[in-house]
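What the coordinates show
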Amino acid sequence: RCGQLGFQNLELHGNDTHPMSVITTSVLLLLSLLFSCLAHITTSQNPSTLYTGCQGVDGDWVPECWSATYANINFGGDRTLYFTPYTSRRWGNALSPYWQARALALIAGQGFDAYGGFEHGWMQHLPRKRPPTTCPELDRFKLACQQCDSDSWMHAHRCHGAWLQIRPTIINDTHAAVQSWLQARNQQQPAFNPGDVVIQSRCSEDTLLSHEEFGPAGFSFYRSINVTATQAIYIVAEPGKQLPACAAIRAAKLNHLAVLYPNSEVQMVGGSLEEDFLRLMFAPVLYKDAQSSFGLWAGLANRGQVFSVPMLPLFTNNTTPDLGRDWHWVHAPVLYPSVAASAGITINNTEAIISWLQEH
């Protein structure tokens, strides 16, 4: 099965096109794949004993499912799912294949073995190996594989994949990884008062009216904020250079919330990826931005109350799956590009964008 290991994780950066550079990169990749194969060689087992105690499962059963674009899964004959992760500074896209693979392993009653892993930040502390702890759930496994094609692994919000079924694992393992990272750096987690609200504001040139799956939510999304319980409202936005329209939207949102909740302190915050992820993850009340995978994984790991607009009906008819009593789907309008086009709104008309958000 080593031949199934893919080349999806190879990324050439900059102007790295010199023939010798390509040859060197290819050699390093081949060596990496060779070491991966050697790492996956296991002591042979009697197939009839692999699923002892698991009714309805053949002893030689080996799961089959989509392999992920930009990552790779390989079900060995030793009741283990081997995983080659996708590493990227786009954390949401990197975490999606990881949690999908972890979930498939759990549902299929397999162990989990990640070749390599995340190298930086708190994600380097996520589990790389897990033994099989449950019997295969054949129907759930088949359904999970059917509901996510390979391209959706990096964009898990598109489909009802296996990740939907393991939220307690996502919560526990993410918190353990973050705490290990914080302790190693002698740092503390973000401090909030009970009832404090954190609002994710994902807006940039590559998303605002330019990406079919992104758009700012109408300000009615925030009407459910508890007036009496909320002392502070934090709008998490990427610092530094901003698209002028995004800066205007955030300023309008801040002013709208300050008027709507005069007894609460409303402020804009933003920092490094680590700081912003932890703000979303530890927020007592989180309003996750529309279809952001960065916000999705922070929200799924959040132990407070999470509010989100529904999933898009791209690969599923159920856009509000059950993620627990603390996850609330809010049917607020979102200014997706298709909605803006129907309303005759363009990215150059900032006033029209803000008016739409205020009216919806």
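Further up the page is the structure itself.
Report on the accompanying structure. (Residues numbered from 1 in each chain as written. Predicted model: local features only at pLDDT ≥ 70, side-chain atom pairs only at ≥ 80, totals over all residues. Heavy atoms only, no water.)

A few points about the sheet that holds strand 10 (residues 327-329)
What counts is decided by this rule: Strands pair, by our definition, only if DSSP identifies at least two bridges between them. For helices the rule is a DSSP run of H or I covering at least 4 residues; for strands it is a run of E covering at least 2, with both sets numbered from the N terminus onward. For helices, the fitted line uses only the C-alpha atoms of the stretch in contact; every axis is such a line through C-alpha atoms, and the angle between N-to-C directions lies from 0 to 180 degrees. The contact rule is simple, with two residues in contact once any of their heavy atoms fall within 4.5 Å.
Spatial ordering of the open sheet is given by 7-6-5-8-9-10, a layout of six strands whose pairing is parallel. Edge positions in the sheet fall to strand 7 (265-269) and strand 10, since each has one partner strand and no second. Strand-to-strand twist of the sheet, defined as the mean angle between neighbouring strand axes without regard to direction, takes the value 20°. The pairing of strand 5 (residues 197-200) with strand 6 (residues 232-236) spans four bridges and is classified as parallel. The residue of strand 6 that forms the bridge with Val 198 is Tyr 234. Helix 5 (residues 244-260) contacts strand 5, strand 6 and strand 7 of the sheet and is inclined by roughly 160° relative to strand 7. Sheet contacts for helix 7 (residues 293-301): strand 5, strand 8 (285-287), strand 9 (305-308) and strand 10; angle to strand 10, the most-contacted strand, approximately 135°.

Brief notes about the sheet that holds strand 4 (residues 129-130)
Spatial strand order, 1-2-3-4: four strands in an open sheet with mixed pairing. Across the chains shown, the open sheet's two edge strands, defined by having one partner strand only, are strand 1 (72-75) and strand 4. One ladder, built from four bridges, connects strand 2 (residues 80-84) with strand 3 (residues 111-114); its direction is parallel. For Leu 81, the partnering residue across the bridge sits in strand 3 and is Phe 112.

Some words on the packing of helix 5 against helix 9 (residues 350-359)
Helix-helix packing: each pair is described by the crossing angle between the helix axes and the interaxial distance. Selection criterion: Note on convention: the crossing is left-handed when the near helix lies turned anticlockwise from the far helix by less than a right angle, right-handed when the turn is clockwise. Each residue gets one label: Ala, Val, Leu, Ile, Met, Phe, Trp, Tyr, Cys and Pro are nonpolar, Asp, Glu, Lys and Arg are charged, and the others, such as Gly, are polar.
In the contact formed by helix 5 and helix 9, the axes pass within 10 Å of each other and the chain directions differ by 35°. Considering only the axes of helix 5 and helix 9, their crossing is right-handed. Facing helix 5, whose interface residues are Ala 245, Ala 248, Ile 249 and Ala 252, helix 9 presents Thr 350, Ile 353, Ile 354 and Leu 357. Counted by class, the contact of helix 5 with helix 9 contains seven nonpolar, one polar and no charged residues.

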